[in-house]
Each structure stands twice: as structure tokens, then as C-alpha cells.
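Below are the chains, spelled out letter by letter.
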Amino acid sequence: MRFIATALATSLALAAFGSHAQGVRTERTLSLALASQIATEAVNACTAAGYAVAATVVDRSGTVRAVMRADNAGPHTLAASHDKAFTSASAKNSTLAMMEGAQKNPAAANLVNIPGFLLLGGGVPIKIGNDTIGAIGIGGAPGGHLDEQCAIAAIDKVKGQLQ
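The rules we used
Residues numbered from 1 in each chain as written. Predicted model: local features only at pLDDT ≥ 70, side-chain atom pairs only at ≥ 80, totals over all residues. Heavy atoms only, no water. Helix = DSSP H or I, 4+ residues; strand = E, 2+ residues; numbered from the N terminus. Contact = heavy atoms within 4.5 Å. Core = buried A, V, L, I, M, F, W, Y, C linked by side-chain atoms within 4.5 Å. Buried < 20%, exposed > 50% of the residue type's maximum accessible area, 1.4 Å probe, protein only. Expected span 1.5 Å × (residues − 1). Pairing = 2+ DSSP bridges. Axes fitted to C-alpha atoms, helices over the stretch in contact; angles between N-to-C directions. Arc of directions from axis to C-beta. Disulfide = S-S within 2.5 Å.

Colleague: Give a description of the side chain of Asp 59 that names residues and reports values.
Modeller: Looking at the secondary structure, you find Asp 59 in strand S1 (residues 54-59). The residues touching Asp 59, leaving out its near neighbours within four places in the chain, are Thr 29, Leu 30, Arg 65, Ala 89, Ile 133 and Gly 134.

Below, the structure written as C-alpha cells:
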């Protein structure tokens, strides 16, 4: 009888450990160095094209990891870059694609009412495979499609580190 009680207790302990372990996740995230590099590359790409912008890089939860503001970038560019990055990380999609979707789909038009969401081009998710680990938002170029080009250029520059 004692053997059965010990075996039952051991089985229950292992089952509890196994179910508890399933609740723990391991997630990849952006280092400060990589986030700073992406923000810098984005500002450099836009500066080379003649645009004074701000770039904000957030982690997968939308928390700011790095911010860079070019000389002569307007004060509004900081908030715009943040909101685009937050929107992109939250939705795991580019803000340009979301904007176009909202324009075509009346049901998606209400996305603009979510606090912190900004449906203008310039927010791009940062991914490893299909896993979104963060996002970058750019604000200040004369068009969201141009902000997005700078964001994509920055991500392309560090693509080798996104593995």
C-alpha cells in the first residue's frame, strides 16, 4: 500500500509540474543595441533621402526600446513614430497595410478609435520568421509610404541579426 501511495504522489507531482511548465513561454526580444541600430539606420535612410524624421523601435509588447530624432525633425514626429510602432507591434502588421485595409473595409474603419493606434504608413513589424519581436515606426517624411521605405531599409540592414 505504501508503494502505491508513493507512486500516486510522484505521478501527481509530475503531472502538476508538466502542466505548470506548459504555462511558461520563451520569447525572443530586441536587445537595446539592436533596437538602437535599427532606429539609427532608419533615420540615416530617411536623411539620405532628404527627410528629417523620428524613429521609434518597440518590443513585441509595444514598449519603447529606442528613439532617434533627426536634426530639424518636427516635434510631432516623435508621437507619430511611437504610435506607428505601437500599432504595428500590436497588430503584427504594417500600418500602411492596415490603413489600406481600413479604407476598403468599413468594419475595420473603427481601428482608428483604439487608443494609441495610428493608421498611417510608416510602422513595420520586426520579425524572425513569422514571429513578431517588435516594430519600428517612422514619422516625418512627406508621406507614409516614404516613412515605410525607410523602416524597411533599416530592417534590411540588420536582417542578418534577425535569426
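Here the narrative resumes.
Colleague: Now, about the nonpolar core: what can you tell me, with residues and values included?
Modeller: In this structure, Ile 38, Val 57, Ile 126, Ile 136, Ile 138 and Leu 162 are the most contacted members of the largest nonpolar core, which totals 27 residues. At the level of elements, helix H2 (32-48), S1, strand S3 (123-128), strand S4 (131-139) and helix H5 (144-157) are the ones that each hand at least two residues to this core. The greatest single-element share of this core, amounting to 7 residues, is contributed by H2. Excluding anything up to four places from it in sequence, Leu 162 contacts Leu 34, Ile 126, Lys 127, Ile 128, Ile 133 and Ile 155. Of all hydrophobic cores here, the second largest spans 5 residues; its members include Met 98, Ala 102, Ala 108 and Phe 117.

Colleague: Please give an account of helix H3 (residues 76-91) that cites residues and values.
Modeller: The end-to-end C-alpha separation of H3 is 23 Å, in line with the 22 Å expected for 16 residues at 1.5 Å each. When we look at burial in H3, the residues that qualify are Thr 77, Ala 80, Ser 81, Lys 84, Ala 85, Thr 87, Ser 88 and Ala 89. Those residues of H3 hidden inside the fold are in contact with S1, strand S2 (64-69), helix H4 (95-104), S3, S4 and H5. Just beyond H3, the residue with positive phi is Lys 92, at close to 55 degrees.

Colleague: Go over the sheet that holds S2, please, and point to the residues and values.
Modeller: Here we have 4 strands laid out as an open sheet, ordered S2-S1-S4-S3, and antiparallel in their pairing. The sheet is open, and its two borders are formed by S2 and S3, each paired with just one other strand. Going from strand to strand, the sheet's axes swing by 15 degrees on average, the running direction of each strand aside. Pairing geometry for S3 and S4, over 6 bridges, is antiparallel. Of the residues in S4, the one forming a bridge with Val 124 is Ile 136. Running at roughly 20 degrees to S3, H5 makes contact with S3 and S4 of the sheet.

Colleague: Which residues make up the environment of Ala 154, and what values go with them?
Modeller: Structurally, Ala 154 can be placed in helix H5. Residue classification places Ala 154 among the buried positions, given a relative accessible area of 0%. Spatially, the C-alpha atom of Ala 154 lies 7.4 Å from that of Ala 39, the residues being 115 residues apart in sequence. Not counting residues up to four positions away in its chain, the partners in contact with Ala 154 are Ile 38, Glu 41 and Ala 42.

Colleague: Hey, could you go over H4 for me, with residue numbers and the actual values?
Modeller: Within H4 the residues assigned to the buried category are Thr 95, Leu 96, Met 98 and Ala 102. Buried residues along H4 cover an arc of 160 degrees about the axis, so they all sit on one side. Those residues of H4 hidden inside the fold are in contact with H3, S3 and H5.

Colleague: Would you mind going over the state of the cysteines in detail, with residue names and values included?
Modeller: In total, this model carries 1 disulfide according to the counting rule given. The side chain of Cys 46 participates in a disulfide bridge whose partner is Cys 150; the two sulfur atoms lie 2.1 Å from each other. The sign of the 115 degrees torsion about the S-S bond sets the Cys 46-Cys 150 disulfide as right-handed. One end of the pair, Cys 46, is in helix H2; the other, Cys 150, is in helix H5, and 104 residues separate them in sequence. There is no split in this pair, since Cys 46 and Cys 150 are both buried.

That's the geometry; what it means functionally is another story.
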